[in-house]
Amino acid sequence: MTALLAITGPIYLIVAIGYLCVRAGWFAKADLKVLGLFVLRVALPALIFNAVSSKTFTDILQPQYLLVFTAASLITLGLGLAWARWVRGCSPSQAGIIGMGMICPNSGYVGFPIALLTLPAVAGMGLALNMLVENLLLIPLTLMLAARGESRAPWHRLMLQSLRDLVRTPFIMALLLGLLSSLLGLHMPDVVQRMVNLLASASAGVSLFIIGGSLAGLSLKGLWGHITPILLGKLFIQPGLVALGLWLWNQSGLPMMSSDLQAAVLLFSAMPIMGIYPILTQKHGHDGLSAAALLVTTMASFLTLNALLWQLKNLNLL
């Protein structure tokens with residue numbers, strides 16, 4: 001157990017440092033916005049480009065990984081939307097935001113560092129595969145669902161608008177450039193590669209610090225009814241469905257993924273909500289709910305991730 005805490009401990013300690021620095025007044029919330037812009041527009045794109053461009057195109061095309069993760073995410077989203085609309089009576093916009101929280105893991109800043117320490121051979125590949133599904137399907141889909149609650153435009157027009165908005169963002173540009181570089185087999189000059197590596201390595205620590213700082217001063221009053229299903233969906237239902245999908249695939253007699261990749265897709269799916277969740281939901285007026293959900297899932301994931309790592313270790317998958 002000590003070895004597992006040595007893997008996850010530094011990640012959550014940086015989150016705690018960010019929280020304490022803001023609580024102590026050493027950083028203001030406005031300072032975090034500046035750091036957030038650096039992560040969103042510079043460091044995160046560098047990380048995404050590095051993860052995708054460093055793999056061959058055949059490495060990125062892992063149909064079982066993509067299918068299992070996508071299917072589990074869409075089923076989780078459907079359950080979340082049904083609960084939000086028919087049980088809680090949420091607006092379509094709020095239901096879309098709740099669904100996003102249940103299916104979009106923090107692959108880059110929590111998942112990748114943990115995978116790098118536990119599954120180094122496939123950490124970059126897992127990150128690249130997750131980024132493809134999250135950025136090209138899950139985020140546009142949930143943003144479209146949120147926008148549909150505020151507009152009478154046809155769903156396909158809203159989906160295209162969401163995709164257009166995302167394509168203009170630096171991290172999607174980096175993803176597409178990384179895919180192009182991987183497809184064409186391009187290699188950057190050493191000086192450029194080192195620069196990208198430096199920016200990518202800066203992203204994890206800064207992002208975790210921002211997550212911690214953004215959690216300071218949040219109130220959970222009156223939000224537990226919405227937060228609880230997000231917590232259950234993100235940390236239990238989505239990874240549970242991924243595990244079920246892997247078991248069904250392995251029982252089917254179809255070609256199987258390596259055990260490392262199976263562990264990777266399960267591990268990435270069990271991450272807390274992505275750190276940019278409140279940023280993406282801000283324009284829909286649900287940033288308070290999303291920030292509170294981010295706080296609770298990040299804190300709870302310390303226990304659930306260590307439990308999952310312990311289980312994977314017992315199954316000799318790590």
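All values derive from a computational prediction rather than experimental measurement.

Caption draft 1: Here's a closer look at the layout of surface pockets. The volume enclosed by the second largest pocket comes to roughly 320 Å³. Taken together, 20 residues line the second largest pocket, and the ones lying closest to its centre are Gly108, Phe112, Pro113, Leu116 and Ala204. Residue assignment for the lining of the second largest pocket shows that the elements contributing at least two residues are helix 1 (2-23), helix 2 (29-53), helix 6 (107-118) and helix 10 (190-215). The leading source of residues in the lining of the second largest pocket is helix 10, at six residues. Of the residues that constitute the lining of the second largest pocket, the class distribution is 13 nonpolar, seven polar and no charged.

Caption draft 2: Spatial organisation of the nonpolar core. Judged by nonpolar contacts, the single largest core of 96 residues is most densely connected at Leu44, Ile114 and Met274. For this core, the element with the highest residue contribution is helix 7 (residues 123-148), accounting for 15 residues. Counting five residues, the second-largest nonpolar core is a separate cluster that includes Cys21, Val22, Phe209 and Ala216.

Caption draft 3: Structural view of the environment of Ile273. With respect to the helices and strands, the residue Ile273 is situated in the loop between helix 12 (259-269) and helix 13 (277-281). In this structure Ile273 comes out as buried when scored by relative accessible area, which is 0%. Once the C-alpha coordinates of Ile273 and Phe302 are considered, the two residues, 29 residues apart in sequence, prove to be 13 Å apart.

Caption draft 4: Spatial organisation of helix 11 (residues 224-252). Over its 29 residues, helix 11 extends 40 Å from the first C-alpha to the last, a length consistent with the 42 Å expected when each residue adds 1.5 Å. Gly233 marks where helix 11 bends most, by close to 40 degrees.

Caption draft 5: Expanded view of the packing of aromatic side chains. Here the structure, examined in full by the defined rule, presents two aromatic pairs. Ring geometry for Tyr12 against Phe302: centres 5.3 Å apart, planes inclined by 80 degrees, an arrangement best described as edge-to-face. Here Tyr12 is found in helix 1, whereas its partner Phe302 is found in helix 14 (residues 287-314), with 290 residues between them in sequence. Taking the relative accessible area as the measure of exposure, Tyr12 reaches 12% and is therefore buried. With centroids separated by 5.1 Å and ring planes inclined at 70 degrees, the aromatic side chains of Phe27 and Phe209 adopt a geometry described as edge-to-face. In this pair, Phe27 is assigned in the loop between helix 1 and helix 2 and Phe209 in helix 10, connecting sequence segments 182 residues apart. Accessibility expressed as a relative area gives 14% for Phe209, which makes it buried.

Caption draft 6: Structural view of empty space enclosed by the protein. If you walk through the whole model with that rule in mind, you get two cavities of 30 Å³ or more. Along its surface, the largest cavity is lined by 15 residues, and Leu44, Met131, Glu134, Met274 and Ile276 are the ones closest to its centre. Residue assignment for the lining of the largest cavity shows that the elements contributing at least two residues are helix 2, helix 6 and helix 7. Sort the elements by how many residues they give to the lining of the largest cavity and helix 7 lands first, with four residues. Along the lines of polarity and charge, the residues of the lining of the largest cavity split into nine nonpolar, five polar and one charged.

Caption draft 7: How the structure looks around the side chain of Ser107. Among the structural elements, Ser107 can be located in helix 6. What makes Ser107 buried here is its relative accessible area of 2%. Here the side chain of Ser107 touches Asn130 through a polar contact of 3.2 Å, side chain to side chain. Setting aside its immediate chain neighbours within four residues, Ser107 contacts Phe112, Leu127, Asn130, Glu134 and Phe268.

Caption draft 8: Expanded view of the environment of Arg168. For Arg168, the position within the fold is in the loop between helix 8 (155-167) and helix 9 (170-184). Linking Arg168 and Leu266, residues 98 residues apart in sequence, is a C-alpha distance of 30 Å.

Definitions and limits used
Residues numbered from 1 in each chain as written. Predicted model: local features only at pLDDT ≥ 70, side-chain atom pairs only at ≥ 80, totals over all residues. Heavy atoms only, no water. 1 Å grid on protein atoms, 1.4 Å probe; cavity = no way out; pocket = protein on both sides within 12 Å on 5 of 7 lines; lining within 4 Å. Points joined across faces, edges and corners; volume = space filled by probe spheres on them. Helix = DSSP H or I, 4+ residues; strand = E, 2+ residues; numbered from the N terminus. Nonpolar A, V, L, I, M, F, W, Y, C, P; charged D, E, K, R; others polar. Core = buried A, V, L, I, M, F, W, Y, C linked by side-chain atoms within 4.5 Å. Buried < 20%, exposed > 50% of the residue type's maximum accessible area, 1.4 Å probe, protein only. Expected span 1.5 Å × (residues − 1). Bend = angle between axes of the 7 residues up to and from the residue. Phe/Tyr/Trp six-rings, centres within 6.5 Å; stacked < 30°, edge-to-face > 60°. Polar contact = N/O pair within 3.5 Å; in protein donor to acceptor, adjacent residues only side chain to side chain. Contact = heavy atoms within 4.5 Å.

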